[in-house]
Amino acid sequence: MAMIKSVLTEAKQKRLCRPALTPNDLIHRLAHDVIHMANAEPCGVNGLHMFIDLEQDGRCERIGSFQYDKSIVSTFELHLTLKEDHKMFDLRKFLPNVGPFVSLRVKRPLYISPGYLIEKRKLYRS
């Protein structure tokens, strides 16, 4: 769970350059799904290499990746795709585009959708 959080935090600071708001239970649900998908793997979660993408405005961009245990050769990959939530209501859209309001409109936060897609790819044959 901590590794997923750290990748998202780093992406907010370095790649997105704006605040990103995630649903309260998103990280917990992700961790549950990752553990469930790793159960059938020979090294379990230790063999995980995860790639995290963000889909926004019809484009998909890689925002980070990590290998759970670098001392073990990865046995499977998980590709996580998070999506921007356009349904969130933001009053900043209605601010005039003049004077002191301009900076408020530019720093509009990115809302991450509660839904996501995880694809598993095995790196070995059984």
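Preceding block: the structure.
Analysis parameters
- Residues numbered from 1 in each chain as written.
- Predicted model: local features only at pLDDT ≥ 70, side-chain atom pairs only at ≥ 80, totals over all residues.
- Heavy atoms only, no water.
- Pairing = 2+ DSSP bridges.
- Helix = DSSP H or I, 4+ residues; strand = E, 2+ residues; numbered from the N terminus.
- Core = buried A, V, L, I, M, F, W, Y, C linked by side-chain atoms within 4.5 Å.
- Buried < 20%, exposed > 50% of the residue type's maximum accessible area, 1.4 Å probe, protein only.
- Contact = heavy atoms within 4.5 Å.
- Salt bridge = Lys/Arg side-chain N within 4 Å of Asp/Glu carboxyl O.

**Some details on the pairing of strand S5 (residues 110–122)**
In the case of a regular strand, side chains alternate between the two sheet surfaces. As defined by bridge partners, strand S1 (residues 20–21) adjoins S5 across two bridges and the pair is classed as parallel. Paired with Leu-21 across the two strands is Tyr-111, which belongs to S5.

**Overview of the nonpolar core**
In this structure, Ile-4, Met-50, Ile-52, Leu-80 and Leu-82 are the most contacted members of the largest nonpolar core, which totals 24 residues. Among the secondary structure elements, those contributing two or more residues to this core are helix H1 (2–16), helix H2 (26–38), strand S2 (48–56), strand S3 (59–67), strand S4 (76–84) and S5. Looking at this core element by element, the count peaks at five residues for H2. Residues contacting Ile-52, with those up to four places away along its chain left out, are Val-7, Leu-8, Glu-61, Arg-62, Ile-63, Gly-64, Phe-66, Leu-80 and Leu-82.

**Concerning the environment of Val-73**
By the secondary structure assignment, Val-73 is in the loop between S3 and S4. In this structure the C-alpha to C-alpha distance between Val-73 and Leu-123, which are 50 residues apart in sequence, comes to 9.7 Å.

**Regarding the pattern of salt bridges**
The tally for this structure, following the rule as stated, stands at three salt bridges. Of the charged contacts in the structure, one is a salt bridge between Asp-25 and Arg-29, with a shortest N-O distance of 3.2 Å. When the shortest N-O distance is used, the salt bridge between Lys-120 and Glu-41 registers 2.7 Å. Taken together, the residues span a long stretch of sequence, with Lys-120 in strand S5 and Glu-41 in the loop between H2 and S2 at a distance of 79 residues.

**Brief notes about the side chain of His-79**
As for its position among the elements, His-79 is in strand S4. Exposure remark for His-79: the relative accessible area of 9% places this residue in the buried category. If sequence neighbours within four positions are ignored, His-79 has contacts with Phe-51, Arg-62, Leu-117, Ile-118, Glu-119 and Arg-121.

**Re the environment of Leu-80**
Relative to the elements of secondary structure, Leu-80 occurs in strand S4. Among the residues examined, Leu-80 registers a relative accessible area of 0% and is labelled buried. Taking the C-alpha atoms as reference points, Leu-80 and Arg-62, separated by 18 residues in sequence, lie 9.6 Å from one another. Beyond its immediate chain neighbours, meaning those up to four positions away, Leu-80 contacts Leu-30, Met-50, Phe-51, Ile-52, Asp-53, Tyr-116, Leu-117 and Ile-118.

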